[in-house]
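Summary of structural features
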Amino acid sequence: MKTEAQASKSLLTNSLSAETELSEAFLGSQTWEDRSTANWPPMIWVSKSQALEARMAKALAWEIQAVEAHHRVSQCKPINGLEVEATQALNQKPLPKKVQVAEEEKREVLFTRPCWSSKVEYILAHVGYSMKINSHWRFFFLWLHNGGCSFLIIYILMLFFVGVPLLFLEMAAGQRTRQGSIGAWKVISPWIGGVGYSSFMVCFITGLYLNVVNAWTLLYLGQSFHSPVPWEKCPLLENSSDFDPECVRTSPSLYFWYRMILKASDRIEDGGSPVFSLNLPLLVSSCVVGAFMINGLKSTGKVMCVLVPAPYFIILCFLFRSLLLEGAAFGFQHLLLAKISAMYNVSVWYQAGNQVLYALGLGFGPVVSLSSHMYPSTSCLNNAFLVALVNLFSMLLVTTSAFCILGYWTTVITHHCDVKNAEALAKLVTLGKLPVVALPPEDLVDNPTSIFSSWLSSLPQPIKSMVLSYVTECNLEKQFSKVKAGPVIAFLAFIEAMSFIPGSVFWSILFFLLLLTLGLNSMIGIMQAILTPLQDTFSSFRKYTKLLTVVVFVLMFLCGLFFTRPSGIYYMSLLSEYWTVFPVTIIIILENIAVSWAYGARRFLKDLTIMWGPPASLIIRWLWCFLSPVVLLALFVITVIHLSQKTITYVAWDSNSSEEVLRQYPSWGLLAIIALFLMVILPIPTYFVYCLTQRISFSSTSQGKPVISSKSLPSIQPAPITEVQKEEVL
């Protein structure tokens, strides 16, 4: 007979099926004597108590090694036969033969989920997606018109008490469930599973008009190589030496924007075919993003390593250059202004809250989809703080340089205004309409604004009143406050400022390269949020990932042509300013409810400890369960009240007067955004009713066990199991 040590060694070196039977014995399904008749050598005999102790020690070692393997996992692989058998040996009894065959057939077609090559690429992907052009110019506009530094204080409070916890929630949901925006919420809470479809549609619609912004940038970038740039001077009429009268009545930059780039119509009701000059840039933008993503995450990650750092280099160049410009000090003064009254203004708080949600890209789906391709051993909480801080830093850099550049812009515009006033007064004095005393000084070259203002204030009151009736008002403060929200900031004020800077061609090229890299970064994140859920929902798409990528980009190009029409910019303003905030806020509220109440914040955070240890559970749970829902609900209610009391208007181009005019959206425009909102939200109640009729549990449990189990994680690799066997044999 064999000794006890020899018996233990023989048990360890047997096949994996023998180990499975051994674990079953430990679970109490059979006794040791029963095992002697089931494929065990008849010569082996040990006492029942000794064998039980040996089996308990081996099972305990296996369990410890399994937990350590979850933390050491370094790559994403499909589940194979060895892994499944090892998992069954630890957790459950073997399935019947028919069920085993079905499970094995299912495992053969499991999809190998691609993962980011490194954590750096993963963080860069999140940072790149959050660096949207719209969020940067909106942040600057809100800072300018909502209390200055007081708005920054409110924004930071909302960012760290609401934005970071919700960003952590979406990152953890994607990383834990390993699903895109559609599948993740089905796993966490079946009744709220429809929120994934809603976020998918919002992301698709947003991607359509953001890609059009990239087309504008490409068109401007191509024109920037001309010297002088075409928006610096009015164009000449054909076969004539006269300038275009429509341009003469306005500024060259405004004329170029509305008439040469957009070919804008006077009203939103005016139709028209897509502008041909915008179609090619839109196609190029779609092809560039598609080329970056055609080979999956490996190529996308490498592209992000170049595209994300590039804007910071350009922003720093602009910051250093802008600090040396005339009038930069005036702009910097506006940057540091703080209005205490803004701290008590509800409107400022709700606008800061909405800006936080939009700046971090919450509710659109890319955060969940990007995180679903990351190793579960990575801490989402640290990543959320890092992404939020980098995003805040980038917006502060852009805002600082923007204030300095616009300070220079307002100074130059005011100087030109004073020079024109001086020329007009000189003509009036020559014609005898004004006395000689009203003749302005001739040396206005050095500082026209200061010299002209000093001369005007020194005039006698009757003469001064007479002069003021003939001149236009030139005021730095009012000129600075003329900056408007939307793309007008980037494509009007900034490019006009670029044309005033010495070396305007170089700085214009650099500026549009900045806008292009920001736009491409955000589009990559949006497209990832469209492709990943499609592959997760329709497994057949996984076999043809390149074809799927091409089809999606072609579809988005064709749909994006709608926004290149002469009235396209008015529809974009309608969506971005009045529509997007409603579905996104509802989506985020339901996501929060799904984790904190349906699945349970305590249970969700406990599940996360398997991957990367316990986070600040008490604080996060309190923020998820109480603060975030209340703040989100307040944001939604205040937004509804604010927009219901406000006339929905848009800035249009009037070709007759060559000016921007404020027009009211027609009634059908309001009905259109309501219909689109209902269409996007419809999957949520539909899926809720489906789960109710099918008697699906509200919480994600199955026979008392959580749906999100260790099987959601990358499976235990065969290598660690072999290591355990070798160690125990030794």
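This text goes with the structure placed above it.
Note that the structure is predicted; figures quoted are calculated from it, not measured. (Residues numbered from 1 in each chain as written. Predicted model: local features only at pLDDT ≥ 70, side-chain atom pairs only at ≥ 80, totals over all residues. Heavy atoms only, no water.)

With that settled, the discussion passes to the side chain of Arg565. Mapping Arg565 onto the fold places it in the loop between helix H26 (545-560) and helix H27 (568-579). This buried residue, Arg565, is left without a salt bridge; Asp270 holds the nearest opposite charge, at 9.3 Å. Here Gly272 takes part through its backbone oxygen, which lies 3.1 Å from a polar atom of the side chain of Arg565. Filtering out sequence-adjacent residues up to four positions away, Arg565 remains in contact with Gly271, Gly272, Ser273, Pro274, Val275 and Tyr571. (Helix = DSSP H or I, 4+ residues; strand = E, 2+ residues; numbered from the N terminus. Buried < 20%, exposed > 50% of the residue type's maximum accessible area, 1.4 Å probe, protein only. Lys, Arg positive; Asp, Glu negative; His and termini not counted. Salt bridge = Lys/Arg side-chain N within 4 Å of Asp/Glu carboxyl O. Polar contact = N/O pair within 3.5 Å; in protein donor to acceptor, adjacent residues only side chain to side chain. Contact = heavy atoms within 4.5 Å.)

Moving on, we get to the pairing of strand S2 (residues 659-664). Inspection of the sheet shows strand S1 (residues 649-654) paired to S2 by six bridges, in the antiparallel sense. Within the sheet, the bridge partner assigned to Ala652 lies in S2 and is Val661. Taking the residues that link successive antiparallel strands as the turn, the S1-S2 hairpin has four residues, and the phi of Ser658 there is positive, at about 55°. (Pairing = 2+ DSSP bridges.)

Even without being a glycine, Arg178 presents a positive backbone phi close to 55°. Its location among the elements puts Arg178 in the loop between helix H9 (149-177) and helix H10 (181-188). Judged by its relative accessible area of 10%, Arg178 is buried. The backbone of Ser658 shows a phi angle near 55°, a positive value even though the residue is not glycine. Within the fold, Ser658 resides in the loop between S1 and S2. The class for Ser658 is buried, based on a relative accessible area of 1%.

Our focus in this paragraph is the state of the cysteines. Summed over all chains, the structure comprises two disulfides. At a sulfur-sulfur separation of 2.0 Å, the disulfide partner of Cys234 is Cys247. The sign of the S-S torsion, about -80°, decides the handedness of the disulfide formed by Cys234 and Cys247: left-handed. Note that Cys234 is positioned in the loop between helix H11 (195-223) and helix H12 (245-248) and Cys247 in helix H12, a separation of 13 residues in sequence. You can call Cys247 buried: its relative accessible area is 0%. Note that Cys417 is cross-linked by a disulfide to Cys474, the S-S spacing being 1.8 Å. Disulfide Cys417 to Cys474: torsion about the S-S bond roughly -70°, handedness left-handed. Here Cys417 is found in helix H20 (residues 380-431), whereas its partner Cys474 is found in the loop between helix H22 (461-468) and helix H23 (476-481), with 57 residues between them in sequence. (Disulfide = S-S within 2.5 Å.)

Turning our attention to the packing of aromatic side chains. Enumeration according to the criterion identifies 39 aromatic pairs in this entry. Between Tyr258 and Trp653 the ring centres are 5.0 Å apart and the planes differ by 15°, which places this aromatic pair in the stacked class. With a gap of 395 residues between them, Tyr258 in helix H13 (residues 252-261) and Trp653 in strand S1 connect regions that are remote in the sequence. Neither residue differs from the other here; Tyr258 and Trp653 are each classed as buried. The ring of Tyr358 has Lys132 lying over it, and the distance from NZ or CZ to the ring centre is 5.2 Å. Sitting above the plane of the Tyr599 ring, Arg603 keeps its charged end 3.9 Å from the centroid. (Phe/Tyr/Trp six-rings, centres within 6.5 Å; stacked < 30°, edge-to-face > 60°. Lys NZ or Arg CZ within 6 Å of the ring centre and 35° of its normal.)

This part is about the pattern of salt bridges. For the structure shown, the criterion picks out three salt bridges. Among the ionic pairs, Arg113 bridges to Asp536, the shortest N-O distance being 2.9 Å. Placement of the pair is Arg113 in the loop between helix H6 (97-108) and helix H7 (119-130) and Asp536 in helix H25 (residues 504-537), with a sequence separation of 423 residues. The shortest N-O distance in the salt bridge between Arg259 and Glu246 comes to 3.3 Å. Linking Arg259 in helix H13 with Glu246 in helix H12, this pair joins segments that are 13 residues apart in sequence.

Moving on, we get to the nonpolar core. Residues Phe168, Trp216, Trp257, Phe491 and Ile530 are the most contacted members of the largest nonpolar core, which totals 191 residues. Counting residues per element, this core draws most heavily on H25, which supplies 18 residues. Setting aside residues up to four positions removed in sequence, Phe491 forms contacts with Trp137, Val213, Trp216, Thr217, Tyr220, Trp257, Phe512 and Leu515. With 13 residues, the next largest nonpolar core counts Leu428, Leu456, Ile463 and Val467 among its residues. (Core = buried A, V, L, I, M, F, W, Y, C linked by side-chain atoms within 4.5 Å.)

Before going further, it helps to spend a moment on a nonpolar patch on the surface. A surface patch of nonpolar side chains, about 620 Å² in accessible area, is lined by Leu316, Phe320, Leu323, Leu324, Phe332 and Leu336. With respect to the helices and strands, the residue Phe320 is situated in helix H16 (residues 309-322). Judged by relative accessible area, which is 56%, Phe320 ranks as exposed. (Patch = residues over 30% accessible without salt bridge, like charges linked within 9 Å, V, L, I, M, F, W, Y side chains within 5 Å. Areas by Shrake-Rupley, 256 points an atom, 1.4 Å probe, with all protein chains shown as cover.)

Moving on, we come to the environment of Asp266. Tracing the chain through its elements places Asp266 in the loop between H13 and helix H14 (276-293). Separated by 388 residues in sequence, Asp266 and Asp654 place their C-alpha atoms 5.4 Å apart. Not counting the four nearest positions on each side in its chain, Asp266 is found in contact with Tyr570, Ala652, Trp653, Asp654, Ser655 and Arg663. At a separation of 2.9 Å, a polar atom in the side chain of Asp266 contacts the side chain of Ser655.

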